[in-house]
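Residue-level listing of the chains:
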Amino acid sequence: MSDQYDEIELIRRIQKGDESALTIIISEYHPYVVKIVYSILGSYAHKVDLQGVVNQIFFTLWQKARKFDPSKSITLKGYLGALARNTAINEKKKYISDFQINDEVIGDIPDDFNRAELRLLLTDALRKLNKDEQLILVLFYFQDEKINDISRITGIPASTVKSRLKRCREKMKKFLEEGGNQYENYV
């Protein structure tokens, strides 16, 4: 925040409904909030109105201004950063939870594996996993994404992506073996 504005005074002003104080806050922190939102939702820009998410963050600040207590050693920048991060992550979850396993996702199996039976087995086994696990497996195995890219897309740390991939492979093996198939034939 530039020296000409007192953060605590601006907070008090928006708590009293002073729109000009909100305008000052937006002009000061808009680039900061945009950077956070874009870092989380950038890969979803074709699905998400990023500026709409940014606007929602400032609107939430306006609505909840009375609950903001600067005496609790929380800066306005820190509050907006946390609000931006949480809002963007919640928006991202809407799209991750919509992820669906279908024939198009698994349709790119190489020709020597391109059998209807295998496709059905894999699809059924994938559907038994939760949505996060499905997304990680599909991104890694069927869309050839790297661990770091999956981490960026999902917002999950790379080390967690690795461990989830391992657990997912074990679950897939179990699901395939329960169906009377030898897992090694499909790897």
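Note that this is a predicted model, so its numbers are computed, not measured. (Residues numbered from 1 in each chain as written. Predicted model: local features only at pLDDT ≥ 70, side-chain atom pairs only at ≥ 80, totals over all residues. Heavy atoms only, no water.)

**Student:** Can you break down the overall build of the protein chain residue by residue, with the values?
**Tutor:** For the protein chain, the helix and strand inventory stands at nine helices and zero strands. Residues counted as buried form 38% of the 187 residues belonging to the protein chain. Approximately 11300 Å² of the protein chain is accessible, and the part contributed by carbon and sulfur atoms is 49%. (Helix = DSSP H or I, 4+ residues; strand = E, 2+ residues; numbered from the N terminus. Buried < 20%, exposed > 50% of the residue type's maximum accessible area, 1.4 Å probe, protein only. Areas by Shrake-Rupley, 256 points an atom, 1.4 Å probe, with all protein chains shown as cover.)

**Student:** Outline the nonpolar core, listing residues and values.
**Tutor:** Ile25, Val33, Val37, Leu41, Ile57 and Leu80 are the most contacted members of the largest nonpolar core, which totals 27 residues. Sorting the residues of this core by element identifies helix H1 (7-15), helix H2 (19-41), helix H3 (50-63) and helix H4 (76-96) as the ones contributing at least two each. Looking at this core, the element that brings in the most residues is H2, giving 10 residues. When residues no more than four places from it in sequence are discounted, the contact partners of leucine 80 are Ile25, Tyr29, Val33, Ile57, Phe58 and Leu61. (Core = buried A, V, L, I, M, F, W, Y, C linked by side-chain atoms within 4.5 Å. Contact = heavy atoms within 4.5 Å.)

**Student:** Would you mind going over the packing of aromatic side chains in detail, with residue names and values included?
**Tutor:** For the coordinates displayed, the defined rule picks out zero aromatic pairs. Positioned above the aromatic ring of tyrosine 32 is the side chain of lysine 77, whose terminal nitrogen or guanidinium carbon lies 4.9 Å from the ring centre. (Phe/Tyr/Trp six-rings, centres within 6.5 Å; stacked < 30°, edge-to-face > 60°. Lys NZ or Arg CZ within 6 Å of the ring centre and 35° of its normal.)

**Student:** Explain the pattern of salt bridges to me, and be specific about the residues and the numbers.
**Tutor:** Taken as a whole and assessed by the stated rule, the structure comprises three salt bridges. Salt-bridge contacts for glutamate 133 lead to lysine 171; the nearest nitrogen and oxygen are separated by 2.6 Å. In this pair, glutamate 133 is assigned in helix H7 (residues 131-142) and lysine 171 in helix H9 (residues 158-178), connecting sequence segments 38 residues apart. Residue glutamate 170 is joined to lysine 166 by a salt bridge in which the shortest nitrogen-to-oxygen separation is 3.7 Å. (Salt bridge = Lys/Arg side-chain N within 4 Å of Asp/Glu carboxyl O.)

**Student:** Describe the environment of alanine 158, with residues and values.
**Tutor:** For alanine 158, the location among the structural elements is in helix H9. Residues alanine 158 and lysine 146, 12 residues apart in the sequence, show an inter-C-alpha distance of 9.7 Å. If we skip the residues at most four places from it in the chain, alanine 158 touches Ile147, Asn148 and Ser151.

**Student:** Help me get a handle on the environment of asparagine 55, residues and values and all.
**Tutor:** Mapped onto the secondary structure, asparagine 55 falls in helix H3. Along the backbone, asparagine 55 and isoleucine 26 are 29 residues apart, and their C-alpha atoms lie at a distance of 9.3 Å. Within the structure, asparagine 55 has its side chain in polar contact with the side chain of glutamine 51 (distance 2.8 Å). (Polar contact = N/O pair within 3.5 Å; in protein donor to acceptor, adjacent residues only side chain to side chain.)

**Student:** Let's hear about the packing of H2 against H3: which residues, and what values?
**Tutor:** Axes are the key here: two packed helices are described by the angle between their axes and the distance separating the axes. The geometry of H2 relative to H3 is characterised by a closest axis approach of 9 Å and an angle of 135° between their N-to-C directions. Considering their axes alone, H2 and H3 lie oblique with respect to each other. In this structure, H2 crosses over H3, and the sense of that crossing is right-handed. Where H2 approaches H3, its residues Glu19, Leu22, Ile25, Ile26, Tyr29, His30, Val33, Val34, Val37, Tyr38 and Leu41 are matched on the opposing element by Leu50, Gln51, Val53, Val54, Ile57, Phe58, Leu61 and Trp62. Split by residue class, the contact of H2 with H3 holds 16 nonpolar, two polar and one charged. (Axes fitted to C-alpha atoms, helices over the stretch in contact; angles between N-to-C directions. Parallel < 35°, antiparallel > 145°, perpendicular 65-115°, else oblique. Left-handed = near helix turned anticlockwise from the far one by under 90°. Nonpolar A, V, L, I, M, F, W, Y, C, P; charged D, E, K, R; others polar.)

**Student:** So what about the environment of arginine 85? Which residues, and what values?
**Tutor:** Its location among the elements puts arginine 85 in helix H4. Leave out the neighbours within four places in its chain, and arginine 85 touches Ile36 and Ile40.

**Student:** Could you give me a rundown of H9, with the residues and numbers involved?
**Tutor:** In a regular helix each residue adds 1.5 Å, so 21 residues correspond to 30 Å; H9 covers 30 Å between its end C-alpha atoms and thus fits that length. Those residues of H9 not exposed but buried are Val161, Leu165, Cys168, Met172, Phe175 and Leu176. End-on view of H9: buried residues confined to an arc of 95°, all on one side of the axis. Away from its buried face by more than 90 degrees, H9 exposes Ser159, Lys162 and Glu178. (Expected span 1.5 Å × (residues − 1). Arc of directions from axis to C-beta.)

**Student:** Can you tell me about the side chain of threonine 154, naming the residues and giving the values?
**Tutor:** By secondary structure assignment, the location of threonine 154 is in helix H8 (residues 147-154). Given a relative accessible area of 11%, threonine 154 falls into the buried group. Looking at threonine 154, its side chain comes within polar contact range of the main-chain oxygen of isoleucine 150, at 2.8 Å.

It is worth stressing that arrangement in space is one thing and function is another; only the former is reported here.
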